[in-house]
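What follows is each chain in one-letter form.
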Amino acid sequence: MTADEERLHAVVHDGDGPLALLVHGALGSRSYWDDNLGALQAVCRPVVIELWGHGRSPSPADPERYRPHSYVAEFERLRVELGAERIWMIGQSLGAALALHYVLAHSAHVVGVVLTNSSSAFSEPAVWRERTETMVEERALEVETHGIEVLRDSWINPGRSTRISPAVRAKLAGEFSEHDATGLVNSFRFTNAGVPLGERLADVAVPVLLTNGTEEGRFQQLLPRAHRIPGLEIAELPASHAVNAQDPAGWNAAATRFIRQHADTLPTR
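An account of the accompanying structure is given in this report. (Residues numbered from 1 in each chain as written. Predicted model: local features only at pLDDT ≥ 70, side-chain atom pairs only at ≥ 80, totals over all residues. Heavy atoms only, no water.)

**Quick notes on the pattern of salt bridges**
Worth spelling out the cut-off: Salt bridges are counted wherever a side-chain nitrogen of Lys or Arg sits within 4 Å of a carboxyl oxygen of Asp or Glu. Exposed residues in this analysis have more than 50% of their type's maximum accessible area, buried residues have under 20%, and partly exposed residues fall in between, with area computed by a 1.4 Å probe over protein chains only. For helices the rule is a DSSP run of H or I covering at least 4 residues; for strands it is a run of E covering at least 2, with both sets numbered from the N terminus onward.
Enumeration over the complete set of coordinates arrives at 19 salt bridges. The closest approach of N and O atoms between Arg218 and Glu216, which form a salt bridge, is 3.3 Å. Looking at Glu216, the relative accessible area reads 6%, which means it is buried. Glu233 is the salt-bridge partner of Arg257, the closest N and O atoms lying 2.5 Å from each other. Here Glu233 lies in strand S7 (residues 233-237) and Arg257 lies in helix H11 (residues 248-261), a separation of 24 residues in the sequence. By relative accessible area, Arg257 is classed as partly exposed at 36%. Several salt bridges converge on common partners, so that one network encompasses Glu6, Arg65, Glu74, Arg77 and Glu81.

**Describing the packing of helix H2 (residues 68-81) against helix H3 (residues 94-105)**
Two measures define how a pair of helices packs: the angle their axes make with one another and the distance between the axes. What counts is decided by this rule: Comment: axis = line fitted to C-alpha atoms, over the contacting stretch for helices; angle = value between 0 and 180 degrees taken between N-to-C directions. When an angle is under 35 degrees it counts as roughly parallel; over 145 it counts as roughly antiparallel; between 65 and 115 it counts as roughly perpendicular; any other value is oblique. Contacts are assigned to residue pairs with any non-hydrogen atoms lying within 4.5 Å of each other. Polar here means any residue outside two lists: the nonpolar Ala, Val, Leu, Ile, Met, Phe, Trp, Tyr, Cys and Pro, and the charged Asp, Glu, Lys and Arg; Gly therefore counts as polar.
The interhelical angle for the contact between H2 and H3, taken along N-to-C directions, is 70 degrees, at an axis separation of 9 Å. Considered as vectors, H2 and H3 are oriented roughly perpendicular to each other. In contact with Pro68, Tyr71, Val72, Phe75, Glu76 and Arg79 of H2, H3 contributes Leu98, His101, Tyr102 and Ala105. For the contact of H2 with H3, the class distribution of residues is 7 nonpolar, 1 polar and 2 charged.

**Overview of the sheet that holds strand S3 (residues 45-49)**
Basically, it comes down to this: Two strands make a pair as long as DSSP finds a minimum of two bridges between them.
The 7 strands lie next to each other as S1-S3-S2-S4-S5-S6-S7, forming an open sheet whose pairing is mixed. On the outer flanks of this sheet lie strand S1 (10-12) and S7, each paired with one strand and no other. The average undirected angle you get between the axes of adjacent strands in this sheet is 20 degrees. In this sheet, S3 lies alongside S1 in antiparallel orientation, the contact comprising 3 bridges. Residue pairing across strands places Val12 opposite Val47, the latter belonging to S3.

**Points about the side chain of Glu76**
Examined against the element boundaries, Glu76 turns out to sit in helix H2. For Glu76, a relative accessible area of 14% translates into the label buried. Not counting residues within four places of it along the chain, the set of residues in contact with Glu76 comprises Tyr102, His106 and His109.

**Brief notes about the packing of aromatic side chains**
Just so we agree on the cut-off: Ring geometry is summarised as follows: Phe, Tyr and Trp rings, the Trp one being its six-membered ring, pair when their centres sit within 6.5 Å, and such pairs are stacked at plane angles under 30 degrees, edge-to-face over 60 and tilted between the two.
Tallying each qualifying case throughout the model produces 7 aromatic pairs. Seen from their ring centres, Trp52 and Tyr71 are 6.3 Å apart, and the 40 degrees between their planes marks the pair as tilted. Of this pair, Trp52 sits in the loop between S3 and H2 while Tyr71 is found in helix H2, placing the two residues 19 residues apart along the sequence. The exposure class of Tyr71 is buried, given its relative accessible area of 1%. Aromatic pair Trp88 and Phe258: ring centres 5.8 Å apart, planes at 75 degrees, arrangement edge-to-face. Remark: Phe258 occurs in helix H11 and Trp88 occurs in strand S4 (residues 87-91); sequence separation between them is 170 residues.

**What to know about the nonpolar core**
The test is simple: Side-chain atoms within 4.5 Å link the members of a nonpolar core, which is a set of buried Ala, Val, Leu, Ile, Met, Phe, Trp, Tyr and Cys residues.
In this structure, Phe75, Met89, Leu100, Val113 and Phe122 are the most contacted members of the largest nonpolar core, which totals 44 residues. Here the element with the most residues in this core is H3; it accounts for 8 residues. Those residues in contact with Met89 that sit more than four places away from it in its chain are Leu21, Val23, Phe75, Ala99, Tyr102, Val110, Gly112, Val113 and Val114. In terms of nonpolar packing, the next biggest core, distinct from the first, is built from 28 residues, Ala242, Ala245, Trp251 and Ile259 among them.

Here it is in structure tokens:
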């Protein structure tokens with residue numbers, strides 16, 4: 001591919017209602033949402049996106065393509081190409097942070113947002129920057145030295161959670177092998193560094209549902225920062241970090257209720 005041809009891999013599903021972009025987190029891939037798609041298709045048209053270097057998405061050479069503003073441009077390109085006036089953003093972990101970046105840039109084109117636990121979105125920026133320069137950089141160096149398999153059994157990999165259904169875990173295990181070392185390293189270094197929203201959380205002006213996996217203790221400490229989003233609604237679910245995959249029934253019920261609640265605010269196309 002030339003630079004002009006590099007596009008995020010996206011799978012467009014049928015569904016009833018507005019377009020919804022689904023954005024996974026670090027080391028996730030397209031099958032991460034499999035236990036949610038059936039429920040979502042009753043209220044929206046899911047478009048499952050894979051981040052740069054993940055699954056079937058390419059790994060651009062230019063570091064700028066990995067920064068949040070470039071993801072915002074890719075999401076906007078997809079919205080325009082798919083002919084949607086306003087869309088839903090649904091994000092998991094790092095994908096939740098990127099979804100909020102899109103909202104802040106294009107709020108007129110967003111109906112609402114559904115998020116899962118996201119330390120990257122809600123951490124204090126200086127603290128997150130230090131984390132990127134230390135722990136995250138260590139992971140990047142490991143991948144550069146040993147390849148992607150060094151992270152297969154890491155806690156970072158959502159696909160290793162035994163609380164995810166066996167069928168989804170099997171697909172994620174296969175898709176892990178599709179990840180590209182260059183793309184992951186650039187994601188760690190350039191995407192991760194710039195995602196915390198800081199004071200900009202107060203500028204989010206669309207309905208937001210946070211599906212809070214209450215069993216992830218470290219994330220619970222960030223809830224006061226999440227509440228900087230005006231009118232934030234929280235659904236507490238008995239799950240850890242991979243909320244929608246660990247408690248699909250609870251997450252599906254909360255997400256579809258929220259989308260239906262705000263369905264009368266837009267045309268579907």
